[in-house]
Protein chains: 2
Amino acid sequence: MRYELYYWPSIQGRGEFVRLALEDAGADYVDVARRPRGMAAMTRLLEGRSPRLPPFAPPFLRAGELLIAQTANILLYLGPRLGLAPRSEAARLRVHQLQLTVADWVAEVHDTHHPIASSLHYEEQKREARRRAASFLAERLPKFLGYFEEVLARGGQAHLAGKAASYADLSLFQMVAGLRYAFPRAMAGLESRYPRVVALHDRVAARPRLARYLASRRRLRFSRQGIFRHYPELDRPK
Amino acid sequence: MRYELYYWPSIQGRGEFVRLALEDAGADYVDVARRPRGMAAMTRLLEGRSPRLPPFAPPFLRAGELLIAQTANILLYLGPRLGLAPRSEAARLRVHQLQLTVADWVAEVHDTHHPIASSLHYEEQKREARRRAASFLAERLPKFLGYFEEVLARGGQAHLAGKAASYADLSLFQMVAGLRYAFPRAMAGLESRYPRVVALHDRVAARPRLARYLASRRRLRFSRQGIFRHYPELDRPK
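Source: prediction; values computed, not measured.

Chemist: Account for the overall build of chain A, naming residues and giving values.
Modeler: Across its full length, chain A holds nine helices and four strands. Order of helices (α) and strands (β) in chain A, N terminus to C terminus: β-α-β-α-β-β-α-α-α-α-α-α-α. For 238 residues, the compact-globule formula gives about 18 Å, and the C-alpha radius of gyration of chain A, at 18 Å, lands near that figure. Based on the C-alpha atoms only, the size of chain A along its principal axes is roughly 50 × 45 × 30 Å.

Chemist: Break down the interface of chain A and chain B for me, with residues and values.
Modeler: Taken together, the contact between chain A and chain B spans 52 residues of the former and 52 residues of the latter. Its largest share of buried area at the contact with chain B, chain A owes to A:Leu53, A:Phe56 and A:Arg154, together 18% of the area lost on that side. Inspection of the chain A/chain B interface yields eight salt bridges. Two residues, A:Arg81 and B:Glu89, come together in a salt bridge whose shortest N-O distance is 2.7 Å. Between chain A and chain B we count 30 residue pairs in polar contact (both at pLDDT 80 or more) in total. Where the side of chain A that touches chain B is concerned, the elements lending two or more residues are strand S4 (66–69), helix H3 (71–81), helix H4 (89–113) and helix H5 (126–155) of chain A.

Chemist: Give a detailed account of the pairing of strand S3 (residues 60–63) of chain A, specifying residues and quantitative values.
Modeler: All names here are of chain A. As paired strands, strand S1 (residues 3–6) and S3 are joined by three bridges and run antiparallel to one another. Across the sheet, the residue bridging to Glu-4 is Arg-62, located in S3. Across four bridges, the pairing between S3 and S4 is antiparallel. Within S4, the residue paired with Arg-62 across the bridge is Leu-67. In this structure, the hairpin formed by S3 and S4 is closed by a connection of two residues, where Gly-64 is found at a positive phi of approximately 65°.

Chemist: Summarise the environment of B:Leu98; cite the residues concerned and give the values.
Modeler: With respect to the helices and strands, B:Leu98 occurs in helix H4 (residues 89–113). With ten residues separating them along the chain, B:Leu98 and B:Ser88 place their C-alpha atoms 16 Å apart. When sequence neighbours within four positions are dropped, the list of residues in contact with B:Leu98 reads A:Leu53, B:Tyr147, B:Phe148, B:Val151, B:Leu160 and B:Ala168.

Chemist: I'd like a description of helix H2 (residues 38–47) of chain A, backed by residues and values.
Modeler: All names here are of chain A. All buried positions along H2 are accounted for by Gly-38, Ala-41, Met-42 and Leu-45. Looking straight down H2, one finds its buried side chains confined to an arc of 100°; they lie on one side. Exposed side chains of H2 directed beyond 90 degrees from the buried face belong to Arg-44 and Glu-47. At its buried positions, H2 is contacted by S1, S3 and S4.

Chemist: Give me the lowdown on unusual backbone geometry, citing residues and values where you can.
Modeler: A cis amide bond links A:Pro58 to the next residue, A:Pro59, at an omega of 0°. Counting through the fold element by element, A:Pro59 comes out in the loop between H2 and S3. One non-glycine residue, A:Arg37, lies in positive phi territory at about 65°. Within the secondary structure, A:Arg37 sits in the loop between strand S2 (29–31) and H2. Located in the positive-phi region is B:Gln70, a residue other than glycine, with phi close to 75°.

Chemist: Residues and numbers for the side chain of B:Glu128, please.
Modeler: Relative to the assigned elements, B:Glu128 resides in helix H5 (residues 126–155). The exposure class assigned to B:Glu128 is buried, which follows from its relative accessible area of 7%. Polar side-chain contacts of B:Glu128 include one of 2.8 Å to the side chain of A:Arg131. Look past the residues within four positions of B:Glu128 in its chain and what remains in contact with it is A:Ile116, A:Glu128, A:Arg131, B:Pro115 and B:Ile116.

Chemist: Let's hear about the sheet that holds S2(A): which residues, and what values?
Modeler: Residues and elements named next belong to chain A. Taken in spatial order, the four strands of this open sheet run S2-S1-S3-S4, and their pairing is mixed. Because the sheet does not close on itself, it has two edges, and the strands there are S2 and S4. Adjacent strand axes in the sheet meet at a mean angle of 20° when their direction is disregarded. Packed on one face of the sheet, helix H1 (residues 15–24) meets S1 and S2 and runs near 155° to S1.

Chemist: Which residues make up the sheet that holds strand S3 (residues 60–63) of chain B, and what are the values?
Modeler: Strand pairing in a sheet relies on backbone hydrogen bonds, with the paired strands running either antiparallel or parallel. Residues and elements named next belong to chain B. Here four strands make up an open sheet; going across it, the order is S2-S1-S3-S4 and the pairing mixed. Edge positions in the open sheet fall to strand S2 (29–31) and strand S4 (66–69), since each of these has one partner strand only. Strand-to-strand twist in this sheet, taken as the mean axis angle between neighbours without regard to direction, amounts to 20°. Bridge count for strand S1 (residues 3–6) against S2 is three bridges, and the pairing is parallel. Note that in S2 the partner of Glu-4 across the bridge is Val-30. Those strands touched by helix H1 (residues 15–24) are S1 and S2, and its axis lies near 155° from that of S1. Here helix H2 (residues 38–47) sits on the sheet and contacts S1, S3 and S4; the angle it forms with S3, its principal contact strand, is near 95°.

Chemist: Give a description of the packing of aromatic side chains that names residues and reports values.
Modeler: In this structure the tally under the stated criterion is 20 aromatic pairs over all chains. When the centroid spacing of 5.2 Å and the interplanar angle of 15° are considered together, the rings of A:Tyr181 and A:Phe222 count as stacked. Residue A:Tyr181 is found in helix H6 (residues 167–182), and its partner A:Phe222 is found in the segment after helix H9 (208–215); the two are separated by 41 residues along the sequence. Owing to a relative accessible area of 26%, A:Tyr181 belongs among the partly exposed residues under this scheme. Among the aromatic side chains, those forming a connected cluster through ring pairs are A:Phe56, B:Trp105, B:Phe144, B:Tyr147 and B:Phe148.

Calculation rules
Residues numbered from 1 in each chain as written. Chains lettered and ligands numbered in written order. Predicted model: local features only at pLDDT ≥ 70, side-chain atom pairs only at ≥ 80, totals over all residues. Heavy atoms only, no water. Helix = DSSP H or I, 4+ residues; strand = E, 2+ residues; numbered from the N terminus. Rg over C-alpha atoms; globule rule 2.2 N^0.38 Å. Contact = heavy atoms within 4.5 Å. Buried area = accessible area lost by both parts, 1.4 Å probe. Salt bridge = Lys/Arg side-chain N within 4 Å of Asp/Glu carboxyl O. Polar contact = N/O pair within 3.5 Å; in protein donor to acceptor, adjacent residues only side chain to side chain. Pairing = 2+ DSSP bridges. Buried < 20%, exposed > 50% of the residue type's maximum accessible area, 1.4 Å probe, protein only. Arc of directions from axis to C-beta. Axes fitted to C-alpha atoms, helices over the stretch in contact; angles between N-to-C directions. Phe/Tyr/Trp six-rings, centres within 6.5 Å; stacked < 30°, edge-to-face > 60°.

Right, dumping it as structure tokens:
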């Protein structure tokens, strides 16, 4: 099956969690909005009257007759089909639980630079962003990193849900990569406390298909448009 | 099977989305932390070393051998078992997509009164809360209500995912109920634009088991401790 991914064409954003899964599996997919006239196709699906259940926002995935939105829901669907989810229902629920925790974390990272409104520019909420980012770095970032470190420690395996990699492992890689870009000083100060998380990041980055993807032009750069944004004034003070 | 729900004993919060499903189905369950010594049991599971996969936060559900966290994930598990999810995988993904959109909405409602940090009191972020709440009421609240109105309009059925109620319908009921409590002036001004959403709220509230639950002492009151909080200064100006 050829999957069609719909997401903003110039940022990693939430779509990247889906791209990583598709790329790691070597799946046949089209990143629709990055193709000519692709943005118009995405807008038609978002604003048109045709899908039975419209997406609230990108990313969304077309898989044959299905149109699936919400990042974690797309991964719930793709996981077993791409060999990135365990077999049993119990284990799949565990992976999904971890993915939903990543989703909460992503929303908090976004709000470090947009604590008041997504519709306003960063510059219009800069003062509030400094306060929110300081709290995020002091309390929430260690809490999330510590949680995943603990999950890896209790599992005692190479990946979050066992020996084999799941889509949640790819997502945790992306969190570390994005946080290093956005908050280099804070991450440099914290990482030694979370050796299992860092090792997992490295293990995922070294997966052959993923390594090729990360080195390719298909991997968009982090920038000041996505979830992870580098504003030095929001990072830990020097 | 007797389910054990673990959630803060004095608020509706995110746990209420699970309580509504259990109550609507007449399921056999214990609201553990509301029992004597229940808080200690919840803390042990959160902070102890025993569960293979610890929850990041309440709510979580014990179902036999399973310990499931993340509200939407709990509902994904319970839905088919409580008769609150459709049969096909495609339809279940649609319901889950809607639930995840509710989850995003819940987080935004929470942040209207806590835009800077959950660890700070409301009074310590009141100025920022006024700005965030104003943006929420002007832009996000109509967007979410309009989205669910459109889903109901396109479906053309009594419930979000067809003729039968699903856990997403119960959750949309809870959103309307909570928003009416938190933002009575804003909701009074908006509701006439979303007749299908309001009708769905009423239809859910009239379900026999749910109506009995809502009238019982098991239904905690909305308060200034939960997700939905009534601060008149955050509501639409008179």
